[in-house]
Amino acid sequence: MTEETIFSKIINGTIPSTLIYHDDLVSAFADINPKAEHHILIVTNKPIPSVSDVTAADEPALGRLFTVAAKLARDFKVDQSGYRLIINCGPDGGQEVPHIHMHFLAGGKLGGLGFPEKH
Ligand code: AMP
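Quick notes on the rules
Residues numbered from 1 in each chain as written. Predicted model: local features only at pLDDT ≥ 70, side-chain atom pairs only at ≥ 80, totals over all residues. Heavy atoms only, no water. Helix = DSSP H or I, 4+ residues; strand = E, 2+ residues; numbered from the N terminus. Rg over C-alpha atoms; globule rule 2.2 N^0.38 Å. Buried < 20%, exposed > 50% of the residue type's maximum accessible area, 1.4 Å probe, protein only. Salt bridge = Lys/Arg side-chain N within 4 Å of Asp/Glu carboxyl O. Near = heavy atom within 4 Å. Polar contact = N/O pair within 3.5 Å; in protein donor to acceptor, adjacent residues only side chain to side chain. Areas by Shrake-Rupley, 256 points an atom, 1.4 Å probe, with all protein chains shown as cover.

A. Looking closely at the overall build of the chain. The secondary structure content of the chain amounts to 2 helices and 5 strands. Counting helices and strands in the order they occur from the N terminus, the chain gives α-β-β-β-α-β-β. What you see for the chain is a C-alpha radius of gyration of 14 Å, in line with the 14 Å of a compact globule of 119 residues. Once the C-alpha set of the chain is aligned to its principal axes, its extents read approximately 40 × 30 × 30 Å. Residues counted as buried form 39% of the 119 residues belonging to the chain.

B. Fine view of the pattern of salt bridges. Applying the stated criterion to the full structure yields 4 salt bridges. In this structure, the salt-bridge partner of Arg64 is Asp23, at a minimum N-O distance of 2.8 Å. Of this pair, Arg64 sits in helix H2 (residues 59–75) while Asp23 sits in the loop between strand S1 (19–22) and strand S2 (26–30), and the two are 41 residues apart along the sequence. On the basis of relative accessible area, Asp23 is assigned to the buried category, the value being 13%.

C. Spatial organisation of the site of the ligand. Looking at the ligand, there are 16 residues lining it, with Asp31, Gly94, Glu96, His101 and His103 nearest. Between Asp31 and the ligand, the recorded distance is 2.5 Å, taken from a side-chain N or O atom to an oxygen atom. Here the ligand, which alone exposes 510 Å², has 87% of that area covered by the protein. Listing elements by their share of the shell around the ligand, those giving two or more residues are helix H1 (6–11), S2 and strand S5 (101–106). With 3 residues, H1 is the largest single contributor of residues to the shell around the ligand.

Everything listed is a geometric property; what it means functionally is a separate question.
Written out as structure tokens, the structure is:
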């Protein structure tokens, strides 16, 4: 059995969030501690702990992370100007929540690698 995470609780509505998108495979909501004007987390509905745990069966959900990122980019009108997608993996990668999620960051020039400075 897969363990429930804080993001599972957001997805099932136990914990409140600013939900931006939801379908059968992924959900997207605003990061509680935004590092850019637009900082959205796109999360697999299934609580896969990390990229190190994915299997071929997860490919549809993992692919959906990208199609939803592209949709957000269009919605925020940054698909041409640019944005950043980050997936942190494991302790040394800075992953705090053990449930695969893609950070979508946009809004102005983001600077070098890693999270931009908060605006
Ligand atoms: P990571 O370090 O890649 O695991 O990112 C975890 C992210 O989850 C951080 O950017 C947090 O600000 C964010 N976060 C933690 N709790 C919540 C919450 N309840 N609602 C929205 N975002 C959250």
